[in-house]
Amino acid sequence: MVEAVLLDLFSLPANLQSNIQGLLRNTLETIEKCSSIPAPFVYVMCCQKQGSERNSKQESLLPALREVQSLKKRLEVVRALTTAAALYTIKQRLDEKDLSIIKVILPTLRKDLMKVYIDHLFTAVYQFEFEDLQVASDCENLQIAEPRSEEQTLPAQDVALIRSEIQLYLESLPSLKGELTILRSSLIPDDIFLHGFTTRTGGISYIPTLSSCNLFSSSKRRDPQVVVKENLRRLANAAGFNPETFHRVKIDHANAVRIMGKTEPDSYDGIVTNQKGVTIAAPGADCIPVLFADPVRKACGAAHSGWKGTLLGVSMATVNAMVSEYGCNVKDILVVLGPSVGPCCYKLPHESAKEFHRIDPKCVRLFDSASPYIDIRRATRILLESGGILPENIQDDSVTDQNQNITFCTACHPDKFYSHFRDGTNFGTQIGFISIKD
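Under an unreviewed UniProt entry, the chain has the name Purine nucleoside phosphorylase LACC1 and belongs to Spheniscus mendiculus. A UniProt comment under Sequence similarities (unreviewed entry) is attached to the chain, and it reads "Belongs to the purine nucleoside phosphorylase YfiH/LACC1 family."

Dropping the structure here:
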């Protein structure tokens with residue numbers, strides 16, 4: 001079932017503008033007759049010439065469409081200087097209406113180009129089907145070349161130009177929801193390490209549950225990798241690290257640890273390094289982003305610790321990797337727990353709660369209920385202390401000076417943090433990051 005139609009007129013030369021009205025009317029009447037729903041949303045993509053009046057072409061197009069009654073409030077002409085800008089604007093309209101199934105009608109010569117733009121600006125959440133633009137008899141000269149065969153692809157230099165166009169456009173967008181903010185721990189010495197925990201402000205992600213500095217993309221969410229990359233670029237500029245030497249864990253909700261410089265596992269929730277200038281990071285959107293720093297041996301680590309990873313001991317696995325790989329003394333290692341869902345909000349089924357109750361009964365509240373409240377932070381601290389980390393070398397929500405607290409509850413602060421627990425499946429992600437200064 002097609003939910004929206006994108007009519008791509010971006011490449012039509014100026015001397016053929018007089019043909020557009022008839023072409024539009026014929027095409028949209030066909031769409032109206034053949035659509036599986038009464039009236040899909042229709043977006044017409046046109047090129048805006050530098051310095052031209054923004055609405056001039058839209059005004060010239062709309063009279064031709066007055067007869068298509070069902071489209072009165074479901075049609076929008078989108079004009080922009082570049083294909084990237086036009087398509088990103090249309091993506092925003094689709095996301096506002098939660099539309100995912102799109103028919104693209106376009107000149108045959110534009111199909112391979114459009115597929116590259118779509119691959120970069122959309123995720124697997126969206127479904128696209130393509131249809132060649134059928135021109136009216138008075139527009140025969142629009143078909144100016146033979147169709148490209150299915151086997152052919154765009155030359156690499158053309159793909160590179162498209163990527164560059166998209167990147168430049170995204171870089172030009174204003175930050176949303178306020179300035180980019182980084183939380184830092186007073187426990188980690190800033191003369192040796194660069195580190196921080198991100199909040200949700202200062203990026204370009206516009207979908208409400210992802211806005212604005214979302215730092216994770218997946219096939220199940222609507223934020224594409226290029227947007228996450230731009231958010232990361234802005235974070236790197238603000239924090240002072242190189243995004244080209246940035247490495248994030250590949251989440252498996254387990255306890256595997258990657259050693260930077262050695263073969264990368266398929267998935268891992270911990271990562272350690274002693275290389276200067278390499279930034280490592282762990283995401284969190286309720287799960288705990290945990291940072292580790294040894295100022296004596298000058299090594300660091302990051303771990304993603306959800307309830308499963310906590311029970312599997314991912315934090316101590318990261319500590320043990322630093323000890324075995326870099327000769328760290330466990331008593332020198334500093335550990336900071338970042339923003340994560342607190343015991344005030346987080347519940348698990350009773351069977352899972354039993355595992356936390358075994359660590360310490362104080363990790364569970366309302367234990368006899370079907371879904372007790374769980375304190376994964378307390379469990380993490382207990383496991384770390386049991387492994388030899390000094391209590392004073394762990395910073396979490398138990399700090400006496402609340403001005404030093406950076407382990408906020410993500411679910412309780414929608415203005416500052418993302419939360420899977422609170423926001424559902426299309427949630428955003430913040431990170432904890434650390435590196436050794438050059």
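Now that the structure has been shown, we can carry on.
**Section: the overall build of the chain**
Scanning the chain from N- to C-terminus turns up 11 helices and 18 strands. Across the 438 residues of the chain, 52% fall into the buried class. Of the accessible surface of the chain, which amounts to about 19700 Å², a share of 50% is contributed by carbon and sulfur atoms.

**Some words on helix α10 (residues 376-386)**
Within α10 the residues assigned to the buried category are I376, R377, A379, T380, R381 and L384. Here α10 starts with a cap whose side-chain oxygen sits 3.2 Å from the backbone nitrogen of R377, and that cap is D375. Of the residues trailing α10, G388 is marked for its positive phi of about 110°.

**Observations regarding the packing of helix α3 (residues 83-96) against helix α4 (residues 111-121)**
For the pair α3 and α4, the least separation of the axes is 11 Å and the interaxial angle reads 50°. On the basis of the axis angle, α3 is oblique to α4. For the pair α3 and α4, the crossing hand works out as right-handed. Between α3 and α4, the residues in contact are T83, A84, L87, Y88 and K91 and M114, Y117, I118 and L121, respectively.

**Quick look at the state of the cysteines**
One pass over the full model with this rule turns up 0 disulfides. C328 carries a free sulfur, and the closest cysteine sulfur to it, the one in C300, is 9.5 Å from it. C345 supplies the cysteine sulfur nearest to C344, a cysteine that is in no disulfide, at a spacing of 3.7 Å. On the accessibility criterion, C344 (42% relative accessible area) is partly exposed.

**Describing the nonpolar core**
Grouped together as the largest cluster of nonpolar side chains are 40 residues, with contacts concentrated most on L6, M45, L87, Y88, L94, I166 and L170. Secondary-structure elements contributing two or more residues to this core are β1 (4-8), β2 (41-47), β3 (75-80), α3, β4 (101-106), α4, α5 (156-172) and α6 (225-239). Per element, the largest residue contribution to this core is 7 residues, and it comes from α3. Filtering out sequence-adjacent residues up to four positions away, M45 remains in contact with L6, L7, D8, L9, F10, V78, T83, A86, L87, I90, R110 and M114. V330, V335, V364 and I374 belong to the second-largest nonpolar core, a separate cluster that totals 35 residues.

**So, unusual backbone geometry**
With an omega of 0°, the peptide bond running from S211 to S212 counts as cis. Tracing the sequence through the fold places S212 in the loop between β7 (193-198) and α6. The phi torsion at K298 lies on the positive side, around 55°, for a residue other than glycine. For K298, the position within the fold is in the loop between β12 (288-294) and β13 (299-305). By relative accessible area, K298 is classed as partly exposed at 38%. Residue L366 is not a glycine yet carries a positive backbone phi of 60°.

**With respect to the pairing of β3**
The two faces of the sheet receive side chains in turn, since in a regular strand these alternate between them. Burial analysis of β3 places 5 of its 6 residues in the buried class, which makes it a mostly covered element. Pairing geometry for β2 and β3, over 6 bridges, is parallel. Looking at the pairing, C47 lines up with A80 of β3.

**Observations concerning the packing of aromatic side chains**
Throughout the structure, instances matching the rule amount to 8 aromatic pairs. Geometrically, the ring pair formed by F241 and F433 is tilted, given 5.3 Å between the ring centres and 50° between the ring planes. Here F433 lies in strand β18 (residues 430-436) and F241 lies in the loop between α6 and β8 (246-248), a separation of 192 residues in the sequence. In this structure, F241 and F433 share a single accessibility class: buried. Here the aromatic rings of Y346 and F421 are separated by 6.3 Å at their centres, their planes lie at 70°, and the arrangement is edge-to-face. Taken as a pair, Y346 in the loop between β14 (334-337) and α9 (350-359) and F421 in helix α11 (residues 420-423) lie far apart in primary sequence, 75 residues in all. According to the relative accessible area criterion, Y346 is buried, its value standing at 13%. You can call F421 partly exposed: its relative accessible area is 44%. Every member of this aromatic cluster is reached through a ring pair, and the members are Y88, Y169 and Y206.

Calculation notes
- Residues take numbers from 1 onward in each chain, read along the sequence in its written order.
- The model is predicted, so local features are restricted to residues of pLDDT at least 70 and side-chain atom pairs to those at 80 or more, both for listing and for counting; the totals for chains, interfaces and linings are taken over all residues.
- As a convention, hydrogens and water are excluded, and side-chain values are obtained from all of the structure's heavy atoms.
- UniProt positions are given in the numbering used here, feature names are shortened, and annotations may be inferred rather than shown by experiment.
- What counts as a helix is a DSSP run of H or I of at least four residues, what counts as a strand is a run of E of at least two, and both are numbered from the N terminus.
- Only protein chains enter the accessibility calculation, which uses a 1.4 Å probe; a residue whose area is less than 20% of its type maximum is buried, one above 50% is exposed, and one in between is partly exposed.
- Only the protein chains shown count as cover for residues, with accessible areas throughout obtained via the Shrake-Rupley method and a probe of 1.4 Å.
- For the purposes of these results, a polar contact is taken to be a pair of N or O atoms within 3.5 Å, where, inside protein, one atom must be able to donate a hydrogen and its partner to accept one; residues adjacent in sequence count only when each atom of the pair is a side-chain atom.
- Here the axes come from fitting lines to C-alpha atoms, over the contacting stretch only for helices, and the angles between their N-to-C directions go from 0 to 180 degrees.
- Between 65 and 115 degrees an angle is taken as roughly perpendicular, under 35 as roughly parallel, over 145 as roughly antiparallel, and anywhere else as oblique.
- Note on convention: the crossing is left-handed when the near helix lies turned anticlockwise from the far helix by less than a right angle, right-handed when the turn is clockwise.
- Working rule for contacts: check all heavy atoms of both residues, and any pair within 4.5 Å makes them a contact.
- In what follows, a disulfide is any cysteine sulfur pair within 2.5 Å.
- Think of a nonpolar core as a cluster: buried Ala, Val, Leu, Ile, Met, Phe, Trp, Tyr and Cys residues, connected wherever their side-chain atoms sit within 4.5 Å.
- Here, strands pair whenever DSSP counts at least two bridges between them.
- In this analysis, rings of Phe, Tyr and Trp, with Trp reduced to its six-membered ring, are considered paired at centre separations within 6.5 Å, and the interplanar angle assigns stacked below 30 degrees, edge-to-face beyond 60, and tilted for intermediate values.

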